[in-house]
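# Residue-level structure breakdown
So the chains spell out like this:
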Amino acid sequence: MRRQQGSLDHSRAGRQRHGNGPAVLGWVFAIVAGLGLAAAPKVLGHRSGAVAAEPRQNAESPKGAAPPKNSDPQKSSDPQKSSDPQKGLEPPKGDDWPLFRGDALASGVSQSGLPAKLDLLWKVPIQGTAFESTPAIVDGVVYIGDMDGRLYAFDLASGAKKWESKFEDGFMSGIAAKDGAIFLGDIAGKFYCVDAATGKTRWGFTTQAEINSSANFYKDRVIVGSQDATLYCLSRTTGQLIWKFSIADQIRCSPTVVENRAFVAGCDSKLHVVDLDEGKEVAAVEIEAPTGVTPAVRGDLVYFGTEAGTFFAVNWRNATVSWTFQPDRGNQPFRSSPAVTADAVVFGGRNKRLHALDPATGKPLWEYATRNRIDGSPVVVGQRVFV
């Protein structure tokens, strides 16, 4: 990978997949987001021993939301007035979370509810391993892979283990699930389709480098990226290669799917828009720095942050930057994949802040200060944010 501003780290820490969800490791904060309201959030609770710092309301600053050069800020796309790219896509049902960010648009928004007070329902100690993956939840079953190459299925209600399968190499990619099968890639570059009921491998496909990308789906196909700088489109039933699309540097994000388009925010400092039928690039937008963040989509806008500490909103229909945001405390990388609703786009930063912006304009709504860097990706449940 070429070195440039905000370049991604190849150390052990740098190998960790960007933006793991709150279901796996570390602190879990429950925050009253007040989504869409310019008010400071309130912490409801957390997991671990200490209370995080108090939130502060974010004042506007010269380094806040900025329209692209030579553009009229009044003409920025309003995602609420644009066409609905979710038309024809089935949202997850109930408690299901079948993809890394919940749905094909990577919205990070749950369709289920949670009680006002969270209590531990169960835990399963697993010795001698670690989890870098985000689980999938489908039909009352939790699926997750560990760093030692074991893949597990647990009953969502009780935590009882339904099955366990052993593979040669460990897993860092989140799991994608569809039609009785689960899909994930390992650190050696092998991508698997596994029977969700039995844990038996249906097929495997070999890429040329580690897979951090979680899969997404289009028609009867599965789409996944690899650190070999290639996006692969495979038959979901056979694993046969349909097409592949290569960029100039690694792909660590998960592809976001809207209509017949995939969005890949690459380590080559570009947002790529790919035709899913043909496997050809429709457009590429310069984003000034590499990123491993999975883009979130609402309406005509794609949202993501970069290693240079800039958060982008890109109009994917005309391939132009609608607005950008930089916090006023220096440019720390954004490795947290955003969650987006009609009222707010929410994401964490290595500046130890959880940010909420107006999705149409990029205007800061609020921010919340934490004790540590936020690489995990927030999940919105009703009017609360979990990170």
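Residues numbered from 1 in each chain as written. Predicted model: local features only at pLDDT ≥ 70, side-chain atom pairs only at ≥ 80, totals over all residues. Heavy atoms only, no water.

## Let's talk about the overall build of the protein
If you tally the helices and strands in the protein, you get 0 helices and 28 strands. Expressed as a percentage of the 387 residues in the protein, the buried residues total 58%. Intrachain contacts of the protein at a sequence separation of at least 6 include 51% that bridge at least 24 residues. Working note: accessible area of the protein is about 15,900 Å², and carbon and sulfur atoms make up 48% of it. (Helix = DSSP H or I, 4+ residues; strand = E, 2+ residues; numbered from the N terminus. Buried < 20%, exposed > 50% of the residue type's maximum accessible area, 1.4 Å probe, protein only. Contact = heavy atoms within 4.5 Å. Areas by Shrake-Rupley, 256 points an atom, 1.4 Å probe, with all protein chains shown as cover.)

## Topic: the environment of Pro 295
Checked against the element boundaries, Pro 295 lands in the loop between strand E18 (280-286) and strand E19 (296-298). Each C-alpha atom, one on Pro 295 and one on Thr 256, is 6.4 Å from the other, the two residues being 39 residues apart in sequence. In this structure Pro 295 touches Leu 105, Ala 106, Cys 253, Ser 254, Thr 256, Phe 263, Ala 265, Leu 271, Val 302, Tyr 303 and Phe 304, once residues within four positions along its chain are discounted.

## A few points about empty space enclosed by the protein
Within this structure, the stated rule accounts for 2 cavities of 30 Å³ or more. Estimated volume of the largest cavity: approximately 60 Å³. Along the walls of the largest cavity sit Leu 99, Phe 100, Arg 101, Asp 103, Ala 104, Ala 106, Ser 214, Ala 215, Asn 216, Ser 254, Pro 255 and Thr 294, which together make up its complete lining. Residues of the lining of the largest cavity, tallied by class, amount to 6 nonpolar, 4 polar and 2 charged. (1 Å grid on protein atoms, 1.4 Å probe; cavity = no way out; pocket = protein on both sides within 12 Å on 5 of 7 lines; lining within 4 Å. Points joined across faces, edges and corners; volume = space filled by probe spheres on them. Nonpolar A, V, L, I, M, F, W, Y, C, P; charged D, E, K, R; others polar.)

## Looking at the sheet that holds strand E20 (residues 301-305)
What the 4 strands build is an open sheet, ordered E19-E20-E21-E22; its pairing is antiparallel. Each having just a single partner strand, E19 and strand E22 (320-325) make up the two edges of the open sheet. Strand after strand, the sheet turns through a mean of 25 degrees between neighbouring axes, direction not considered. Direction of pairing for E20 relative to strand E21 (residues 311-315): antiparallel, over a ladder of 5 bridges. Looking at E21, one finds that Gly 305 is bridged to Phe 311. (Pairing = 2+ DSSP bridges. Axes fitted to C-alpha atoms, helices over the stretch in contact; angles between N-to-C directions.)

## Some points on the pairing of strand E26 (residues 364-369)
Successive side chains on a regular strand alternate, one facing one side of the sheet and the next facing the other. Within E26, 6 of the 6 residues are buried, leaving the element largely enclosed by the surrounding structure. Connecting the antiparallel pair strand E25 (residues 353-357) and E26 is a turn made up of 6 residues, with Gly 362 showing a positive phi of about 80 degrees.

## Topic: unusual backbone geometry
Its identity is not glycine, yet Ala 229 carries a phi of approximately 70 degrees, on the positive side. Relative to the helices and strands, Ala 229 resides in the loop between strand E12 (221-226) and strand E13 (230-235). Look at Ser 269: it is not a glycine, yet its phi comes out positive at around 65 degrees. Looking at the element boundaries, Ser 269 is found in the loop between strand E16 (261-265) and strand E17 (270-275).

## Some thoughts on the sheet that holds strand E5 (residues 150-155)
If you trace the 4 strands from one edge of the open sheet to the other, you get E3-E4-E5-E6, paired in antiparallel fashion. Looking at the sheet topology across the chains shown, the edges are occupied by strand E3 (136-138) and strand E6 (161-166). Strand-to-strand twist of the sheet, defined as the mean angle between neighbouring strand axes without regard to direction, takes the value 15 degrees. When E5 meets E6, the two strands line up antiparallel, connected through 5 bridges. By the bridge assignment for E6, Phe 154 is matched with Lys 161.

## Some thoughts on the confidence of the model for the protein
In this model, the protein carries a mean pLDDT of 83, and residues with pLDDT of at least 70 account for 76%. This model gives residues 1-17 a pLDDT under 50, and the stretch forms 59 contacts once residues within four places in sequence are excluded. (pLDDT = per-residue confidence, 0-100.)

## Some remarks on the packing of aromatic side chains
This model, assessed by the stated rule, comprises 20 aromatic pairs. Following the ring pairs from residue to residue traces out a cluster consisting of Tyr 303, Phe 311, Trp 323, Phe 325, Phe 334 and Phe 347. (Phe/Tyr/Trp six-rings, centres within 6.5 Å; stacked < 30°, edge-to-face > 60°.)

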